[in-house]
Amino acid sequence: MGPHPAVAAIRLAVRRVLHDVLTDVQRTDHQRPDAPRQDARPDAQRNPGRVPRASRPHPHPPREQAAPPLVLVACSGGADSMALASALAFEAPKLGIRAGGVTVDHRLQGGSDLRAAEVVTRLTALGLDPIESVAVDVGRDGGPEAAARDARYAALDAAAERHGASAILLGHTRDDQAETVLLGLARGSGIRSLSGMAAVSGGPGADRRYRRPFLHIDRQTARKACMVQSLPVWDDPHNTDPAYTRSRLRHEGLPALEKALGKGVVEALARTAQLSRDDADALDHWAAQAEASVRDATGLLECAKLYALPPAVRRRIVRRAAIEAGSPAGALFARHIEEIDRLITGWRGQGAINLPGKVVAQRQGGRLVIRQGC
């Protein structure tokens, strides 16, 4: 008799992601300068008249075989991440992958250090190694939820670098994806906000570090997998605290939508995220290709050429220019880009526009100049 359907579902999701990680690792190894050149022909055919390789002394000792790749799971002790940890512990050894775990103590609640220690104990019982508990200081920039997220990812990035991890698995589910789409919709920040969380995303110097195997699995399946495996879980009280926007959305907003529109809202929102991501990626690619054609010989953006582009492409170029000038991406909102866009499409002699990060945008002689202000 096979595993419970919930357990089978989470294991399959993790297995697929681990195969992807192995593919990326192998591709990276082949691209290394010291990687051996692949050539299926015998040595005598490649080098006629030369001594066969087997009888020639090696000028250098053979390169040591690389250690098996390491994949870490970010685990809070909740049902989603515990289900993910259990699936990683089961699947990784079968693929020759080392499996470890990291838990981040945000120190926002009393006894958080004890709970972090409990998570370490649970991960150890699953057979993961290495395991690390990292305590962080949460700032205030962007609000409590954003600040906690920034501190968490910084800690995970640092852990990945310390341990040389090829990937970090995150337990975000389809429900989390639906909530993220609705939050993006509420901000009115455009199609990129509606694309939600990517199945694969990056950290500093590692554009494919983070993997989210559960984006097509609902939260209830993950919880069920923990229950049938007798895995203890911790329910974070912040997840039910109405002081947090995501908590209100989870317990009030989504249920109200399902009551008004019927079941299937979560699935539809998750599907919207994927479709929006595909569209946003295509527009980003278009903008990257078009950018060189709208700059003059000195590198300044020409307003007439920008005007000729579709708005979605033009605004992406403008946004990228503002970020390159020093405006923080997280503080650069749609209204800022719209104000800059009016310098191109509705020029009436407007003055300079102040952007986050002390960046200034202004129109000068038919050119759009975005630079650091005084």
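In short, a report on the structure.

Parameters at a glance
- Residues numbered from 1 in each chain as written.
- Predicted model: local features only at pLDDT ≥ 70, side-chain atom pairs only at ≥ 80, totals over all residues.
- Heavy atoms only, no water.
- Core = buried A, V, L, I, M, F, W, Y, C linked by side-chain atoms within 4.5 Å.
- Buried < 20%, exposed > 50% of the residue type's maximum accessible area, 1.4 Å probe, protein only.
- Helix = DSSP H or I, 4+ residues; strand = E, 2+ residues; numbered from the N terminus.
- Contact = heavy atoms within 4.5 Å.
- Disulfide = S-S within 2.5 Å.
- Salt bridge = Lys/Arg side-chain N within 4 Å of Asp/Glu carboxyl O.
- Pairing = 2+ DSSP bridges.
- Phe/Tyr/Trp six-rings, centres within 6.5 Å; stacked < 30°, edge-to-face > 60°.
- Lys NZ or Arg CZ within 6 Å of the ring centre and 35° of its normal.
- Axes fitted to C-alpha atoms, helices over the stretch in contact; angles between N-to-C directions.
- Parallel < 35°, antiparallel > 145°, perpendicular 65-115°, else oblique.
- Left-handed = near helix turned anticlockwise from the far one by under 90°.
- Expected span 1.5 Å × (residues − 1).
- Arc of directions from axis to C-beta.
- Nonpolar A, V, L, I, M, F, W, Y, C, P; charged D, E, K, R; others polar.

**Things to note about the nonpolar core**
Formed by 34 residues in total, the largest nonpolar core has its most connected members in V71, L88 and F214. Among the secondary structure elements, those contributing two or more residues to this core are α1 (5-31), β1 (70-74), α3 (79-91), α4 (112-125), β4 (167-169) and α8 (219-228). Here this core takes nine residues from α1, the largest share from any one element. Those residues within four positions of F214 in sequence are excluded, and the remaining contacts are I10, A13, V14, D80, A83, L84, G171, H172, T173 and R174. The next biggest cluster of nonpolar side chains, apart from the first, holds 24 residues, and it includes V294, I353, L355 and V359.

**Quick word on the state of the cysteines**
Cysteine pairs can be linked by a disulfide, which is a covalent bond between their two sulfur atoms. Evaluation of the coordinates by the stated rule reveals zero disulfides. Of all cysteine sulfurs in the structure, the one in C226 sits closest to C75, which takes part in no disulfide; the separation is 8.8 Å. On the basis of relative accessibility, which here comes to 3%, the residue C75 falls in the buried class.

**Re the pattern of salt bridges**
Scanning the model with the defined rule gives 29 salt bridges in all. We note a salt bridge from E161 to R209, for which the minimum N-O separation is 2.5 Å. A residue pair is termed long-range when its members are at least 10 positions apart, and E161 in helix α5 (residues 144-163) and R209 in strand β6 (residues 206-211) qualify at 48 residues. What makes R209 buried here is its relative accessible area of 5%. In this structure, R316 engages D284 in a salt bridge whose closest nitrogen and oxygen atoms are separated by 2.7 Å. Highlighted residues: R316 in helix α12 (residues 311-324) and D284 in helix α10 (residues 265-291), separated in sequence by 32 residues. Taken together, the shared-partner salt bridges connect D176, E179, R219, R246 and R250 into one network.

**Let's talk about the sheet that holds strand β8 (residues 353-355)**
Pairing is antiparallel across the open sheet formed by four strands, whose spatial order is β7-β10-β9-β8. The open sheet has two edge strands with one neighbour each: β7 (301-302) and β8. Here strand β9 (residues 359-364) runs beside strand β10 (residues 367-372); their pairing, made up of six bridges, is antiparallel. What sits directly across from Q362, in β10, is V369.

**Here's the deal with the environment of A158**
Residue position: A158 is located in helix α5. Overall, A158 belongs to the partly exposed group, its relative accessible area being 31%. Spatially, the C-alpha atom of A158 lies 9.8 Å from that of V134, the residues being 24 residues apart in sequence.

**Brief notes about the packing of aromatic side chains**
Overall, the coordinates contain one aromatic pair when judged by the stated rule. We note R11 situated over the ring of F90; from NZ or CZ to the ring centre the distance is 3.6 Å.

**Overview of the packing of helix α6 (residues 174-187) against α10**
Running from N to C, α6 and α10 point in directions that differ by 70°, and their axes come no closer than 8 Å. One finds that α6 runs roughly perpendicular with respect to α10. Two packed elements cross with a definite hand, and for α6 against α10 that hand is left-handed. Contact residues: R174, D175, Q177, A178, V181 and L182 in α6; V266, E267, L269, A270 and A273 in α10.

**Concerning α4**
Between its first and last C-alpha atoms α4 spans 20 Å; for 14 residues at 1.5 Å apiece the expected length is 20 Å, and the two agree. Every buried residue belonging to α4 is among S112, A116, V119, R122 and L123, and all of these are buried. Buried residues along α4 cover an arc of 115° about the axis, so they all sit on one side. Projecting away from the buried face of α4 at angles above 90 degrees are the exposed residues L114, T121 and A125. If you follow the buried residues of α4, they end up packed against α3, β2 (98-105) and β3 (131-135). Two residues or fewer after α4 comes G127, characterised by a positive phi angle close to 95°.

**Observations regarding unusual backbone geometry**
Each neighbour pair has its own omega, and for D129 with P130 the value is 10°, a cis peptide bond. Position of P130 among the secondary structure elements: in the loop between α4 and β3. The phi torsion at R107 lies on the positive side, around 55°, for a residue other than glycine. Along the chain, the position of R107 falls in the loop between β2 and α4. The phi torsion at S230 lies on the positive side, around 55°, for a residue other than glycine.

**Examining the packing of α10 against α12**
Two numbers describe how α10 lies on α12: the axes approach to 9 Å, and their chain directions differ by 70°. Between α10 and α12, the angle falls in the class roughly perpendicular. In contact with A280, L283, D284, W286, A287, A288, A290 and E291 of α10, α12 contributes A312, V313, R316, I317, R320 and E324. Residue classes in the contact of α10 with α12 are distributed as nine nonpolar, no polar and five charged.

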